[in-house]
Amino acid sequence: DDPPLSTPDLLRRIAAARHRRAWLLPFPPSALAALGRLTGRQAEVARLTGSLAVDGGRFRRDFDWSPPLTMDQALAEVADATAATPASAATGSSR
């Protein structure tokens, strides 16, 4: 199985697939939690800063399946496809 992937790692890999640098600014989760308490948005902050781990191992075993591409290959294909699409078509904008 693939190792766990954090949100910053995923953003870095998406940026790399697009041949760009990921601009990630560090922000302490404790500061976000304080802002959440002040604004009454504790649940949103908890979802934003919490961990979500999905293990596809059982599915892969039960269905004898393996992905046809690595995550980096799939991200590169998506990046290439979206780069070739005009911005208005990609966002649904009519401008």
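Residues numbered from 1 in each chain as written. Predicted model: local features only at pLDDT ≥ 70, side-chain atom pairs only at ≥ 80, totals over all residues. Heavy atoms only, no water.

Trainee: Looking at this structure, I do not really get the layout of surface pockets. What am I missing?
Mentor: Here the idea is plain: a probe the size of a water molecule rolls over the atoms and shows the empty space left. Here the largest pocket defines a volume of roughly 1200 Å³. Taken together, 34 residues make up the lining of the largest pocket; nearest its centre are Leu5, Ser6, Thr7, Leu10 and Leu52. Within the residue set of the lining of the largest pocket, elements represented by two or more residues are helix H1 (7-17), helix H2 (29-39), helix H3 (42-49), helix H4 (57-62) and helix H5 (71-83). Tallying contributions element by element places H1 first for the lining of the largest pocket, with six residues. (1 Å grid on protein atoms, 1.4 Å probe; cavity = no way out; pocket = protein on both sides within 12 Å on 5 of 7 lines; lining within 4 Å. Points joined across faces, edges and corners; volume = space filled by probe spheres on them. Helix = DSSP H or I, 4+ residues; strand = E, 2+ residues; numbered from the N terminus.)

Trainee: Sorry if this is basic, but what is going on with a nonpolar patch on the surface here?
Mentor: On the surface, a nonpolar cluster with roughly 350 Å² of combined accessible area is contributed by Leu10, Leu11, Ile14, Leu24 and Met71. With three residues, H1 is the single largest residue contributor to the nonpolar patch. (Patch = residues over 30% accessible without salt bridge, like charges linked within 9 Å, V, L, I, M, F, W, Y side chains within 5 Å. Areas by Shrake-Rupley, 256 points an atom, 1.4 Å probe, with all protein chains shown as cover. Salt bridge = Lys/Arg side-chain N within 4 Å of Asp/Glu carboxyl O.)

Trainee: Could you clarify how one ought to interpret the confidence of the model for the chain in this entry?
Mentor: The predicted coordinates of low-pLDDT regions are not to be read in fine detail. Overall, the prediction assigns the chain a mean pLDDT of 86, with 89% of residues at 70 or greater. Per-residue pLDDT, averaged within each element of the chain, yields its smallest value for helix H6 (residues 87-91) (55) and its largest for H2 (94). (pLDDT = per-residue confidence, 0-100.)

Trainee: Is there a simple way to explain the packing of H1 against H5 in this structure?
Mentor: In a packed pair of helices, the relevant descriptors are the angle between the two axes and the axis-to-axis distance. Where H1 meets H5, the closest approach of the two axes is 8 Å, and the angle between their N-to-C directions is 55°. Here H1 lies oblique to H5, going by the angle between them. As for how H1 packs across H5, the hand of that crossing is right-handed. Within the contact between the two elements, H1 uses Leu10, Arg13, Ile14 and Ala17 and H5 uses Met71, Asp72, Leu75, Ala76 and Ala79. (Axes fitted to C-alpha atoms, helices over the stretch in contact; angles between N-to-C directions. Parallel < 35°, antiparallel > 145°, perpendicular 65-115°, else oblique. Left-handed = near helix turned anticlockwise from the far one by under 90°. Contact = heavy atoms within 4.5 Å.)

Trainee: Where do I start with the packing of aromatic side chains in this structure?
Mentor: Two aromatic rings, taken as a pair, are described by how far apart their centres are and by the angle between their planes. Within this structure, the stated rule accounts for two aromatic pairs. With 6.0 Å between their ring centres and 70° between their planes, Phe59 and Trp65 make a pair best called edge-to-face. On the accessibility criterion, Phe59 (46% relative accessible area) is partly exposed. With relative accessibility at 40%, the residue Trp65 sits in the partly exposed group. (Phe/Tyr/Trp six-rings, centres within 6.5 Å; stacked < 30°, edge-to-face > 60°. Buried < 20%, exposed > 50% of the residue type's maximum accessible area, 1.4 Å probe, protein only.)

Trainee: What is the right way to read the pattern of salt bridges from this model?
Mentor: Between side chains of opposite charge, a pair can form as their charged atoms come close. Tallying each qualifying case throughout the model produces four salt bridges. The residue Arg13 makes a salt bridge to Asp72 at a minimum N-O spacing of 2.7 Å. Taken together, the residues span a long stretch of sequence, with Arg13 in helix H1 and Asp72 in helix H5 at a distance of 59 residues. The closest approach of N and O atoms between Arg41 and Glu44, which form a salt bridge, is 3.7 Å. Exposure remark for Arg41: the relative accessible area of 48% places this residue in the partly exposed category.

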